[in-house]
2 protein chains.
Amino acid sequence: MDNSDAIASFAALSQPTRLDVFRLLVKAGAQGMLSGEIGERLDVRQNTMSANLAVLLNAGLVRNERQGRKIRYFADFDAMRGLLGFLMEDCCGGRPDLCQPVIDEIACAC
Amino acid sequence: MDNSDAIASFAALSQPTRLDVFRLLVKAGAQGMLSGEIGERLDVRQNTMSANLAVLLNAGLVRNERQGRKIRYFADFDAMRGLLGFLMEDCCGGRPDLCQPVIDEIACAC
DNA sequence: TCCATATATCATGATTAATTGATATATTTA
DNA sequence: TAAATATATCAATTAATCATGATATATGGA
């Protein structure tokens, strides 16, 4: 994870449809979702969805896997890890009380 | 933290100077940094830096505090918390092994 | 009050991104 | 192999963003 990877990731997440897609894939977890399923759920046209998925893919935030003529997309949790780590690098100026709540927040119930 | 707050935050972080600024302020922690200090450190012109700080401020990612004629900026850790929580909401589809490494990554050493 | 310092705002030109209609590619089924 | 389905690519228009020069505002000190 270098600076330009992080820029690409944040740019990818800074668009409403793509943010929705990514959060949907985070929720879906290891099961992922089909491209068509995603487009239907979010009511986004086919080519727009394809373009937006390509941006997420290019940023490394999602992976995909062909299944016949469908394509299944997954949130890439390793990429998430890298991105958040990059953002929080050397955080807090030595004051854990600032940093800890941030960590707690993503300590999801799963 | 709603969808449009998150969009604003990611858009703010998707620009090289602003990402540098934010990471610098994360490192600085509670001490923060003066606007001028930041501009000098990152070698960015005065009005460009001011505009970029305004974007971060508007996104809620940083706070500021006037000190005489200088203005001190701070990373807003509550906003970070909200943003990461929003992104990871209902994560992993019930598989903690996917989520845990993400949490571990930002468990900084401070 | 006048000047210097620190920061913010405004207008503009240049670059970049987003959506869309049309079309192409890949895969499965008949 | 032809048709149908699922997804990707292309070209073009519109819209958003960025850095910059110029200028304005706010604070502190002489």
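Conventions used here
- Residues numbered from 1 in each chain as written.
- Chains lettered and ligands numbered in written order.
- Predicted model: local features only at pLDDT ≥ 70, side-chain atom pairs only at ≥ 80, totals over all residues.
- Heavy atoms only, no water.
- Core = buried A, V, L, I, M, F, W, Y, C linked by side-chain atoms within 4.5 Å.
- Buried < 20%, exposed > 50% of the residue type's maximum accessible area, 1.4 Å probe, protein only.
- Contact = heavy atoms within 4.5 Å.
- Pairing = 2+ DSSP bridges.
- Helix = DSSP H or I, 4+ residues; strand = E, 2+ residues; numbered from the N terminus.
- Axes fitted to C-alpha atoms, helices over the stretch in contact; angles between N-to-C directions.
- Near = heavy atom within 4 Å.
- Polar contact = N/O pair within 3.5 Å; in protein donor to acceptor, adjacent residues only side chain to side chain.
- Phe/Tyr/Trp six-rings, centres within 6.5 Å; stacked < 30°, edge-to-face > 60°.
- Lys NZ or Arg CZ within 6 Å of the ring centre and 35° of its normal.

The next thing to look at is the nonpolar core. One finds Phe22(A) and Phe22(B) to be the most contacted residues of the largest nonpolar core, which totals 62 residues. The contact partners of Phe22(B), leaving out residues within four places of it in the chain, are Leu87(A), Leu13(B), Leu56(B), Leu61(B), Val62(B), Ala75(B) and Met80(B).

The next point concerns the sheet that holds strand β3 (residues 70-75) of chain B. Residues and elements named next belong to chain B. The three strands lie next to each other as β1-β3-β2, forming an open sheet whose pairing is antiparallel. Each having just a single partner strand, β1 (33-34) and β2 (62-67) make up the two edges of the open sheet. By the bridge criterion, six bridges tie β2 to β3 in an arrangement that is antiparallel. Opposite Arg-66, over in β3, you have Ile-71 as the bridge partner. Sheet strands in contact with helix α4 (residues 46-59) are β2 and β3, and its direction is about 120° off that of β2.

Turning next to the environment of Glu37(A). Residue and element names in this part refer to chain A. Relative to the helices and strands, Glu-37 resides in helix α3 (residues 35-42). Residue Glu-37 is classed as partly exposed on the basis of its relative accessible area of 39%. Here the alpha-carbon distance between Glu-37 and Arg-72, two residues 35 residues apart in the chain, equals 9.2 Å.

Turning to the pairing of β3(B), a few remarks are in order. Residues and elements named next belong to chain B. Sheet topology places β1 next to β3; two bridges connect them, and they run antiparallel. Bridge pairing in β3 places Met-33 opposite Tyr-73. Remark: two residues form the turn of the hairpin made by β2 and β3, two consecutive strands paired antiparallel; Gly-68 in that turn has positive phi of roughly 65°.

This part takes up the protein's contact with DNA strand D. Surrounding DNA strand D, one finds 18 residues, the nearest of these being Gln46(A), Tyr73(A), Gln15(B), Arg18(B) and Asn47(B). Restricting the count to atoms of DNA strand D within 4 Å of the protein gives a sugar and phosphate share of 61%. Within the backbone of Gly36(A), a nitrogen or oxygen atom sits 3.0 Å from a phosphate oxygen of DNA strand D. Contact distances for DNA strand D include 3.2 Å between a phosphate oxygen and a backbone N or O atom of Ile71(A).

Attention now moves to the packing of aromatic side chains. The final tally for this structure, using the stated rule, is one aromatic pair over all chains. When the centroid spacing of 6.0 Å and the interplanar angle of 20° are considered together, the rings of Phe10(A) and Phe10(B) count as stacked. Of this pair, Phe10(A) sits in helix α1 (residues 3-13) while Phe10(B) sits in helix α1 (residues 3-13), each in a different chain. Sitting over the ring of Phe86(B), Arg23(A) keeps its end group 3.5 Å from the ring centre.

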